[in-house]
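Chain and residue survey
This is what each chain is made of:
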Amino acid sequence: MDITIKCGILVTMVPDTPVLRNTLIHISDGCITSIETWATDTRIDTQATELIDAGNCLVMPGLVNAHTHAAMTMFRGLADDMPLKKWLFEKIFPAEAKHLSPENVYWASLLAFAEMITSGTTCFSDGYFCQDKTMEAAHNIGIRGVVAQGVIDFPAPGVPDPSKNLEVAQQFIDRWRGLTRLLTPSLFCHSPVTCSDKTLKGAMEICLSEDIPMQIHLSETIEEVENILSQKGTRPAYYLDDLGILNETLIAVHCVHLDRDEMNLVKERGTKVVHCPESNMKLVSGICPAWQMIKMEIDLGLGTDGCASNNDLDMFTEMDMAAKLSKVSSRDPTALNAEQTLRMATTMGARVLGLGDEIGTIEPGKRADIIVLDLNNPRLQPVYDPISTVVYSASGGDVRDVIIDGRIIMRDQNLITIDLEEVMWEIRRIAEKIR
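Report follows, based on the coordinates. The structure displayed is predicted, hence computed values, not measured ones.

**Observations concerning the pattern of salt bridges**
Applying the stated rule across the entire model yields 28 salt bridges. Close ionic contact of aspartate 405 with arginine 144 constitutes a salt bridge, the shortest N to O distance being 3.0 Å. On the criterion of sequence distance, the pair formed by aspartate 405 in the loop between strand 14 (399-404) and strand 15 (407-411) and arginine 144 in strand 7 (residues 144-151) is long-range, its members being 261 residues apart. Of the two residues, aspartate 405 and arginine 144, neither departs from the other in class, the shared state being buried. Note that arginine 400 is salt-bridged to aspartate 412, the shortest N-O span being 3.9 Å.

Structure below.
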């Protein structure tokens, strides 16, 4: 479909490019072909199949949720207000063992993607189990993403024999690699304390041979750091480096308790990092030194984590929280400013996932992953600095239209590609069984 978007305010996120006003974005075959200025007193003449009038709106790149566990929407609100270890081992792991069936993963993932799209996320990175169904859900709704098969040295949903975890992971990659342009298979090793040396090195070997990213939770809690220190005699980042997996292929999530030397090592190795502030706060894991990593020019994305520990997938509130948390924890009001925060959720998030050449900015040649925010809300007026408005005032509920890969997925806050009522009915059915 050829699409023209009439933009009142355009935030391109192209480096050194100011916010633009009164522009036309032309899209063809899924790509942005050109951007031009339009005169407010002239009629727009376009040959496009679709004209989206966003003259009183803010248009920007779709947001990138660089770390989540989509199907955990089925456990939203199931276990709140408890320490991470108790939450994970006494509540979440048992619930997963009983209820994480392929069918439930499909519907819960579809619910997650509906929530993401309606709140402005056009690309995600997921790590969980029964991921064939996550892939199917993502494909059916039309969202872009990196979907990683979970790897852990315990019996897991879909992988009852942990000795076959890497075999199952390789089969997942073989099934999905190259099958759809929007979805990339990947591997997600749960953490350095739940995966052995052999498992970690084997997973990295697969990812290097397949040229795909490998994801891992790293230094999320003080307890994890202390366990690695006592068992391996070194801190977590150095432990991964000794194994040969701290490299450009690795995406390290959380990184709350990296010390300065570890951050320097992460920078030197080119490892990517994802910051999940709301989950870290809720589970009292600590505060990731995101503002320091930004200064060090580490590629740093932003993620919501799963709904069982957040409990939403709204990247706008995640941006707001990330910026303010960095300021109060550093006692510096300039730490992680609005533009840096928005880059984490767009351009840097895309780079973290290896998609920086395709998405993250609005410019000719990029794939058309674009969202439209309706500014006709008292909370969003006046607009002196559009980027500040996006980070500190907007929420997912302000998103009106969503385009992914040049395809209109949501129009006037109505999802086009799925029957949302059916999804909600199925989720209520699943929740009743869990309850």
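That was the structure; now back to the text.
**Quick look at the pairing of strand 9 (residues 214-218)**
With five of five residues buried, strand 9 lies mostly within the body of the structure. Both faces of strand 9 are covered, namely the face carrying Met214, Ile216 and Leu218 and the face carrying Gln215 and His217. For the handedness criterion, the β-α-β arrangement of strand 8 (residues 183-189), helix 5 (residues 197-210) and strand 9 is classed as right-handed.

**What about the packing of helix 2 (residues 102-118) against helix 3 (residues 131-141)?**
Contact geometry for helix 2 and helix 3: axes closest at 8 Å, N-to-C directions at 40 degrees. Taken together, the axes of helix 2 and helix 3 are oblique relative to one another. As helix 2 runs across helix 3, the sense of the crossing is right-handed. Contacts between helix 2 and helix 3 involve Pro102, Val105, Tyr106, Ser109, Leu110, Phe113, Ala114 and Ile117 from the first element and Lys133, Thr134, Glu136, Ala137, Ala138, Asn140 and Ile141 from the second. Here the contact of helix 2 with helix 3 is built from residues that sort into ten nonpolar, three polar and two charged.

**Considerations on the sheet that holds strand 9**
Here we have eight strands laid out as an open sheet, ordered 5-6-7-8-9-10-11-12, and parallel in their pairing. With partners counted over all chains shown, the strands left at the sheet margins are strand 5 (63-68) and strand 12 (300-302), one partner each. On average, each strand axis in the sheet is inclined to that of its neighbour by 25 degrees, with strand direction left out of account.

**Points about the environment of leucine 20**
Inspection of the secondary structure assignment puts leucine 20 in strand 2 (residues 20-28). A relative accessible area of 26% places leucine 20 in the partly exposed class. Spatially, the C-alpha atom of leucine 20 lies 51 Å from that of asparagine 227, the residues being 207 residues apart in sequence.

Cut-off values and rules
Residues numbered from 1 in each chain as written. Predicted model: local features only at pLDDT ≥ 70, side-chain atom pairs only at ≥ 80, totals over all residues. Heavy atoms only, no water. Salt bridge = Lys/Arg side-chain N within 4 Å of Asp/Glu carboxyl O. Helix = DSSP H or I, 4+ residues; strand = E, 2+ residues; numbered from the N terminus. Buried < 20%, exposed > 50% of the residue type's maximum accessible area, 1.4 Å probe, protein only. Right-handed = clockwise from strand over helix to strand, strands pointing away. Axes fitted to C-alpha atoms, helices over the stretch in contact; angles between N-to-C directions. Parallel < 35°, antiparallel > 145°, perpendicular 65-115°, else oblique. Left-handed = near helix turned anticlockwise from the far one by under 90°. Contact = heavy atoms within 4.5 Å. Nonpolar A, V, L, I, M, F, W, Y, C, P; charged D, E, K, R; others polar. Pairing = 2+ DSSP bridges.

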